[in-house]
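One-letter residues, chain by chain:
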Amino acid sequence: MQRFGHGDAHTDSDHKLVVVMVGLPARGKSYIVKKLKRYLSWLGFQTKIFNVGDRRRLAGSIDEYEQPSSRGEANVQAKAHSESEYGGSCPGCERSAPESHISANNGMQTPSSSAPCNRCSTRHSSSFFDPDNKQAKQIREQVAMDVFEDLLRWLQAGGQIAIHDATNSTIERRGALISRLQSEADVNLLFVESICTDKDIISRNVKLKTQSPDYVGIDPAVAEADFRARLRNYERAYSTIGVAEEKLDVQYCKIIDVGKKVIAYNIQGFLESQVVFYLMNMNLEPRVIYVTRHGESEDNAVGRIGGDSSLSPNGQKYAKALARFIDRRRLEFADEVAEHNRKLAQFMSSGSGSASEPEEGTARYGSSTATPPVSAPALPQRKNAHTSFEVWTSMLKRTMETAECFDSSRYRIKNVRSLNEIYAGKCEGMTYEEIAKEYPEEFEARQLDKFYYRYPGIGGESYADVVLRLQQVIVELERIRHSVLLVTHRAMARTLLSYFMDIPTTHMPDMELPLGYVYACEPRPFGNFLRVWRYVPDLDDFEEVDASSALKIRYPKILMPDRAATPPLPSPAETACSAKHG
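Given the structure is predicted, the values throughout are model-derived calculations rather than measurements. (Residues numbered from 1 in each chain as written. Predicted model: local features only at pLDDT ≥ 70, side-chain atom pairs only at ≥ 80, totals over all residues. Heavy atoms only, no water.)

Turning our eyes to something else, we now look at the overall build of the protein chain. Looking only at helices and strands, the protein chain has 19 helices and 19 strands in total. When burial is assessed residue by residue, the protein chain has 56% of its 582 residues classed as buried. Looking at the protein chain alone, contacts between residues at least 24 apart form 71% of all its contacts between residues at least 6 apart. Here the protein chain displays about 24,800 Å² of accessible surface, and carbon together with sulfur accounts for 48% of that area. (Helix = DSSP H or I, 4+ residues; strand = E, 2+ residues; numbered from the N terminus. Buried < 20%, exposed > 50% of the residue type's maximum accessible area, 1.4 Å probe, protein only. Contact = heavy atoms within 4.5 Å. Areas by Shrake-Rupley, 256 points an atom, 1.4 Å probe, with all protein chains shown as cover.)

Next up, the structure:
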């Protein structure tokens, strides 16, 4: 059994990377950070985000703030966990919804009708971000450095890629981070600056910022005015990355208007090149990535894995129904985009900012209620969302035959070798019962570690190998600006969905993805929204099912003999599932 890791998949294995974000608020930094973390984790790198804003909200005043070393790291983590339990919002304040005001004396927001809770009392108004406010500046700089120290400790403990999520908008701050890192051996630094020149996107992001933890319980109009004042304070002190950093020979990348323009400087390392290449392929166009397994094959009918058999009669029936379903979904999605644009216009024109955010009705992954996102680029308006559509298949007959019912004048069909099923080596064409009987040691080894296990024989693959094979497919799916249907195989579907829904690789090989299901991942500003449809043979049509419970994990009996299939653990990414039940 062979392992996958830096030793056989990556270079620069002894080096670690710190990605330091740079940019004004409401420029999409957190959006970029979450996508980047999801991609790097999927590739197998130990990656973690360290958000300075979360720590800053724990700092009350210059007298109250203490460095983590003096108050205990566990206390900080406990408070941060308490905050994250509610997704950054305070249920008590939301229930009472008191009228609020912002005090200009100490830069702290307090509800006027009742005493604030501990978390509310640590929120900061625009005056806290005034570059002339020396006490507040001292807190902000200390918090940023404290978080950086946490980041370095995590790397020293075995982490590989750490992301410092903050504005880091001054030469002084960036210089301090560079100086601190010079004493760390084998830790590289990459600045990533997010710049947005589109005033419409900035305005939408500002509207979304009124729903951030800083403004819980505050009138949206008051919150927007305060946040715009905060922006002006940041703009007074902001310096883009440039000559000062170039003199220090640092690496940096500027992402302008969510990838429309990318500037890369002095990029040298392997990890850095992976980051920059991925960031060059982002876009915000409304689209859907559909993933389905091929129709039932002749080998499926008898339980054989691998091979290159044709579709069974049931599989042929599924292929026809799939083409009809996608025809219908293209039109429905165009209507959904039009409705989104209408809600977006309503949201932007609301004077108080209290109108429903345009993505209403979506639920956070593993949740039954919607939580409006913040700090993400808003979706642009788009016309004719249904005009372009591609269908990608593997090079195996059962997927190509599944796509034969699509009208080639309306769909562009591509056959992609990277989408071929995981190759089972000597076990190709066998049933699992035959493998257990003929290769019992191999069968047990695979049950113990399905992600890293590599099938025996020439060309045998592991799920880790599949991740590397699909890397270019993922980047291409991030780049394209229209919808696509991927007709592929079980291992491929598992690997693709684990990326889009940020499901850990430890769960990936045990995801239950039966034949006859279509998984629709819609990229949105806060992450990816999942909907699921199931083919019903008696109806010869598809019905939508509850997506939040559709991605189940069935652990091998050798590991957990008494455990039934369960939904995967809640994803750390801002992914979401539809709550519709079929």
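This brings us to the nonpolar core. Within the largest apolar cluster, 75 residues are counted, with the highest numbers of intra-cluster contacts made by Leu279, Trp392, Val473, Leu477, Leu486, Leu496 and Leu551. At 9 residues, helix α18 (residues 463-479) tops the list of elements feeding residues into this core. Within the second largest apolar cluster, 31 residues are counted, among which are Val22, Phe129, Leu151 and Val187. (Core = buried A, V, L, I, M, F, W, Y, C linked by side-chain atoms within 4.5 Å.)

Once that is clear, we can look at the sheet that holds strand β2 (residues 47-51). Strands sit in the order β2-β5-β1-β6-β7-β8 across an open sheet of 6 strands; the sheet is mixed. Across the chains shown, the open sheet's two edge strands, defined by having one partner strand only, are β2 and β8 (261-265). In this sheet, neighbouring strand axes are inclined to one another by 15 degrees on average, regardless of whether the strands run parallel or antiparallel. (Pairing = 2+ DSSP bridges. Axes fitted to C-alpha atoms, helices over the stretch in contact; angles between N-to-C directions.)

Turning our eyes to something else, we now look at the packing of aromatic side chains. Under the criterion given, the structure shown has 19 aromatic pairs. A centroid spacing of 5.4 Å and a plane angle of 80 degrees characterise the contact between Phe128 and Phe129, whose relative ring orientation is edge-to-face. Looking at Phe128, the relative accessible area reads 4%, which means it is buried. Between Tyr535 and Phe542 the ring centres are 5.4 Å apart and the planes differ by 50 degrees, which places this aromatic pair in the tilted class. You'll find Tyr535 and Phe542 in the same group, each marked buried. Taken together, the ring pairs connect Tyr39, Trp42, Tyr278, Tyr499 and Phe500 into an aromatic cluster. Across the ring face of Tyr499, the terminal group of Arg38 is positioned such that the distance to the ring centre comes to 4.6 Å. If you follow Arg330 out to its NZ or CZ, it ends over the ring of Tyr411, 4.7 Å from the centre. (Phe/Tyr/Trp six-rings, centres within 6.5 Å; stacked < 30°, edge-to-face > 60°. Lys NZ or Arg CZ within 6 Å of the ring centre and 35° of its normal.)

What follows concerns the confidence of the model for the protein chain. For the protein chain, mean pLDDT is 81; residues scoring 70 or higher make up 75% of the total. Confidence drops under a pLDDT of 50 for residues 569-574, and excluding neighbours within four residues, the segment shows 15 contacts in the predicted structure. (pLDDT = per-residue confidence, 0-100.)

An α-helix turns once per 3.6 residues; consequently, residues spaced three or four apart project the same way. Within helix α12 (residues 270-279), 7 of the 10 residues are buried, leaving the element largely enclosed by the surrounding structure. Looking at α12, one finds that the buried residues are Leu271, Glu272, Gln274, Val275, Val276, Tyr278 and Leu279.

To continue, consider the environment of Leu539. Within the secondary structure, Leu539 sits in the loop between β16 (527-536) and β17 (541-545). Considering only alpha carbons, one finds Leu539 and Ala321, 218 residues apart in sequence, at a separation of 9.9 Å.

Moving on, we come to the pattern of salt bridges. Applying the stated rule across the entire model yields 35 salt bridges. In this structure, the salt-bridge partner of Glu332 is Arg329, at a minimum N-O distance of 2.9 Å. Of this pair, Glu332 and Arg329 both sit in helix α14 (residues 313-349), 3 residues apart, which is roughly one turn of the helix. Overall, the relative accessible area of 30% leaves Glu332 in the partly exposed class. (Salt bridge = Lys/Arg side-chain N within 4 Å of Asp/Glu carboxyl O.)

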